[in-house]
Amino acid sequence: MESSMEQMEEEKKRQYEKYVKEVTPTHNLWLQMLKAFIMGGIICTLGQAILNYGASLGLDKQTAGSWCSLILILLSVLLTGLNVYPGIVKWGGAGALVPITGFANSVAAPAIEFQKEGQVYGVGCKIFTIAGPVILYGVFTSWFLGALYWLGGVIGIL
């Protein structure tokens, strides 16, 4: 009796392991890296096209760069609002998440998702759930490095 119970338990374990193998997605690292490279390249090419167009209009390099950032952010937020950007991220992975467009997506997505909860408790509270730590540590790090730079100037190192 006891051995049949053990056999049943063993069979359940085998069936479960088989089920887990069937439903666990397999990832091809080289394919993912290729897709990320292509997606990042597309975003960078678009950015370069915007920079070149700005330069052809007579804008200086800094102004063209500012317009490029603004346009890429706008496109990312629009595509997030139209529910297109998540598909781009799913295909391109880090190639779509790492550039400025991914950061804009991470700010816009929670705001869109929680807008039904109202302007204050929905959008206001949730807009920085993903991007908030990045902004916080970015500001803190820039403040800290600025303080070190200032201190270096005061004591004559810089």
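Look up: the structure comes first, before these words.
About the thresholds
Residues numbered from 1 in each chain as written. Predicted model: local features only at pLDDT ≥ 70, side-chain atom pairs only at ≥ 80, totals over all residues. Heavy atoms only, no water. Buried < 20%, exposed > 50% of the residue type's maximum accessible area, 1.4 Å probe, protein only. Helix = DSSP H or I, 4+ residues; strand = E, 2+ residues; numbered from the N terminus. Arc of directions from axis to C-beta. Contact = heavy atoms within 4.5 Å. Phe/Tyr/Trp six-rings, centres within 6.5 Å; stacked < 30°, edge-to-face > 60°. Core = buried A, V, L, I, M, F, W, Y, C linked by side-chain atoms within 4.5 Å.

J.: Lay out helix α4 (residues 85–92) with the relevant residues and their values.
T.: Along α4, the residues that are buried comprise Y85, V89 and G92. Looking straight down α4, one finds its buried side chains confined to an arc of 85 degrees; they lie on one side. Elements that come into contact with the buried residues of α4 comprise α2 (29–56), α3 (61–81), α5 (94–97) and α6 (100–113). G93 sits one or two positions beyond α4 and adopts a positive phi of about 55 degrees.

J.: Explain the packing of aromatic side chains to me, and be specific about the residues and the numbers.
T.: Within the structure shown, the criterion is met by two aromatic pairs. Ring plane angle 20 degrees and centroid distance 6.4 Å describe the contact between F140 and F144, whose orientation is recorded as stacked. With a gap of four residues between them, F140 and F144 both fall in helix α8 (residues 132–154), about one helical turn apart. Owing to a relative accessible area of 46%, F140 belongs among the partly exposed residues under this scheme. A connected cluster of aromatic rings, assembled from ring pairs, spans F140, W143 and F144.

J.: Which residues make up the nonpolar core, and what are the values?
T.: The biggest cluster of nonpolar side chains holds five residues, and these are M39, I43, Y85, V89 and A96. For this core, the secondary structure elements donating two or more residues are α2 and α4. Once you skip the residues sitting within four places of it in the chain, A96 turns out to touch M39, I43, Y85, I88, V89, T101 and G102.

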